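Here are the chains, one letter per residue:
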Amino acid sequence: MPKISEKGKKMPASPIRKLVPFAEAAKKRGVKVYHLNIGQPDIKTPEIAIEAIRNFQDKLVAYSHSAGYISYREKLVDYYAKNNIHISADQIIVATGASEALLFTMQSIMDPGDEVIIPEPFYANYNGFATNAGINVVPIFSAIETGFALPPIAEFEKAITPRTKAILVCNPNNPTGYLYSEEELKVLKEIVIKHDLFLIADEVYREFCYDGRKHHSVMHLDGLDDNTILIDSVSKRYSMCGVRIGVMITKNKEVYASAIKFAQARLSPPSLGQIAAEAALDTDSEYFSEVLAEYHKRRNTVYESINRIKGAFCPKPSGAFYVVARLPIDNSDKFCQWLLEDFNYNNETVMMAPATGFYSTPGRGLNEVRISYVLNVKDLNSAMNVLEQALKVYPGRTI
Ligand SMILES: Cc1ncc(COP(=O)(O)O)c(C=O)c1O
């Protein structure tokens, strides 16, 4: 039989989706499963975006420019200007989600064997993108006790080798919900300048900031035009994950010239998706204030419930819609599977993502889970109650 590639064997399966068969089996048994495991918001997509697809009149669905429709890129320039990010349309490459934008970025700035430093825990698919590009992720540890703040500069210095090409941060962060401060971004600036590195910032959760806190972008940093690459997406902003539209933005002309060749090789980003994403840019600001108020309530519900549970703890996240919680358990993979296979409370259970999948250092995250607060407050309260009951009887509980 012909053999598959070593890369194919090494490619990690999604830690978020690996428990799906157990959830399906639970549902078949008639158990209600609260999904706290995924980042798919339940919020409605702005009507204006759906309407734009309904109004599509062309007689064929054609390819677009490899960098994306110019009308969309020009409108994006205004969106970014409103966020104090000053770029031009020829510094944007529209991609099939932030996912493809990250792939273009890695492929265009790194060679196989090169290294990217990422504070862990981090968005698990970064591992998959790195495997795809043949590069190595070098994690540095951010601690739950500090709320997952940026690790000290000394940790970066220790991790830098001659193969280090870039630092990748996600701000606000998935899975921790941490929002980097302006001071932390300045620390990153210092490191990338000192070691001549790229700074890749995944800012797909830019709008999701709580407690009146402001988002600071890497694009706000002076003197870093040649170093920074911004990754963005409409998936979460407008709750339209399925349109598959994201962007890679850079002012570095060489990086852009390299990335556009990868973009040309796949011809174009989705045309209908771009039409929806372009229309979404006209979304009322009221939409965001309502969405934000809703997530704020949900964040408080989860944060307060977790910290009321004996032996459990989670920091108060300031952004995105996730928390990483420490639980009194022996092994989060076992616990999350047990919840689906062996437990129910009044015929209900919860599905969460074991945090082990968000660390690349083996053994980390064993007593942590990631909870996505993408359910309404009533369901979240029920789910938190189910979790509390489960922790009283889980055979691997540590208190
Ligand atoms: C931090 C982060 N980056 C990128 C992505 C991928 O986004 P897209 O749907 O635009 O590919 C996600 C999706 O969950 C994410 O959480």
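Definitions and limits used
Residues numbered from 1 in each chain as written. Predicted model: local features only at pLDDT ≥ 70, side-chain atom pairs only at ≥ 80, totals over all residues. Heavy atoms only, no water. Patch = residues over 30% accessible without salt bridge, like charges linked within 9 Å, V, L, I, M, F, W, Y side chains within 5 Å. Areas by Shrake-Rupley, 256 points an atom, 1.4 Å probe, with all protein chains shown as cover. Salt bridge = Lys/Arg side-chain N within 4 Å of Asp/Glu carboxyl O. Lys, Arg positive; Asp, Glu negative; His and termini not counted. Charge placed at Lys NZ, Arg CZ, Asp CG, Glu CD. Helix = DSSP H or I, 4+ residues; strand = E, 2+ residues; numbered from the N terminus. Phe/Tyr/Trp six-rings, centres within 6.5 Å; stacked < 30°, edge-to-face > 60°. Buried < 20%, exposed > 50% of the residue type's maximum accessible area, 1.4 Å probe, protein only. Lys NZ or Arg CZ within 6 Å of the ring centre and 35° of its normal. Domains from an automatic or database assignment. Contact = heavy atoms within 4.5 Å. Polar contact = N/O pair within 3.5 Å; in protein donor to acceptor, adjacent residues only side chain to side chain. Expected span 1.5 Å × (residues − 1). Pairing = 2+ DSSP bridges. Disulfide = S-S within 2.5 Å. Near = heavy atom within 4 Å. Nonpolar A, V, L, I, M, F, W, Y, C, P; charged D, E, K, R; others polar.

Moving on to a negative patch on the surface. On the surface, D222, D225, D226 and E254 cluster together into a patch of negative charge. Take D226: it is sitting in the loop between β6 (198-202) and β7 (228-233).

A cluster of nonpolar side chains, namely I53, V61 and L272, defines an oily patch on the protein surface of about 220 Å² accessible area. Counting through the fold element by element, I53 comes out in helix α3 (residues 47-54).

Summed over the entire model, instances satisfying the criterion amount to 18 aromatic pairs. For the pair F208 and Y295, a centre-to-centre distance of 5.5 Å together with 85 degrees between the ring planes defines the contact as edge-to-face. A residue pair is termed long-range when its members are at least 10 positions apart, and F208 in the loop between β6 and β7 and Y295 in helix α11 (residues 285-308) qualify at 87 residues. When sorted by exposure, F208 lands in the same class as Y295, which is buried. Looking at R298, its charged tip hangs above the ring of Y295, at a distance of 5.2 Å from the centre. Here R364 stacks its cationic end above the ring of F141, 4.1 Å away from the centre of that ring.

Moving on, we get to the domain arrangement of the chain. Examined at the domain level, the chain breaks down into domain 1 (6-44 + 286-393) and domain 2 (47-280). Averaged C-alpha coordinates put domain 1 and domain 2 at centres separated by 25 Å. Taken together, the 38 residues of domain 1 in the interface contact 36 residues of domain 2. On the surface where domain 1 and domain 2 come into contact, there are three salt bridges. E145 is the partner of R326 in a salt bridge, and the nearest nitrogen-oxygen pair spans 2.9 Å. Here domain 1 is connected to domain 2 by 17 residue pairs in polar contact (both at pLDDT 80 or more). Of all the secondary-structure elements, those providing two or more residues to the side of domain 1 that touches domain 2 are α1 (6-10), α11, β9 (322-326) and β12 (368-372). Broken down by element, the residue count for the side of domain 1 that touches domain 2 peaks at seven residues, all from α11.

Note that side chains of opposite charge can pair when their charged atoms are close. Applying the stated criterion to the full structure yields 22 salt bridges. Across the salt bridge formed by D232 and R206, the nearest N and O atoms sit 2.7 Å from each other. With a gap of 26 residues between them, D232 in strand β7 and R206 in the loop between β6 and β7 connect regions that are remote in the sequence. Here R206 falls in the buried class, since its relative accessible area comes to 4%. Where E294 meets K297, a salt bridge forms, and the shortest distance between an N and an O atom there is 3.6 Å. Of this pair, E294 and K297 both sit in helix α11, three residues apart, which is roughly one turn of the helix. Connected via shared salt-bridge partners are E203, R206, E207, D232 and R237.

Taking 1.5 Å per residue as the helical rise, helix α13 (residues 377-393) with its 17 residues ought to reach 24 Å, and the 25 Å between its terminal C-alpha atoms agrees with that figure. Of the positions making up α13, those classed as buried are D379, L380, A383, M384, V386, L387, Q389, A390 and L391. Where α13 is buried, its residues meet β1 (32-35), α11, α12 (332-341), β10 (348-351) and β12. One side-chain oxygen of the residue at the start of α13 lies 3.1 Å from the amide nitrogen of K378, identifying that residue as N376.

Further remarks concern the pairing of strand β2 (residues 92-95). Within a regular strand, side chains alternate between the sheet's two faces. Burial along β2 is two-sided: the residues I92 and V94 and I93 and A95 are all buried. Where β2 and strand β8 (residues 246-250) come together, four bridges link them in antiparallel fashion. In the sheet register, I92 faces β8, and the bridge partner there is I249.

Before going further, it helps to spend a moment on the state of the cysteines. A complete count under the given rule lists zero disulfides for this structure. A disulfide-free cysteine, C209 has its sulfur positioned 12 Å from the sulfur of C170, the nearest such atom. When its relative accessible area of 9% is taken as the criterion, C209 is described as buried. Sulfur of C241: no disulfide; nearest cysteine sulfur belongs to C170 and is 14 Å away. Assessed through its relative accessible area of 15%, C241 is described here as buried.

In the vicinity of the ligand lie 14 residues, with A98, S99, D202, Y205 and S233 positioned nearest. Note that an oxygen atom of the ligand is positioned 2.7 Å from one of the side-chain N or O atoms of Y205. In isolation the ligand offers 390 Å² of accessible surface; the protein chains occlude 93% of this area. No other element matches helix α5 (residues 97-109), which puts three residues into the shell around the ligand. In terms of residue class, the shell around the ligand is built from six nonpolar, five polar and three charged.

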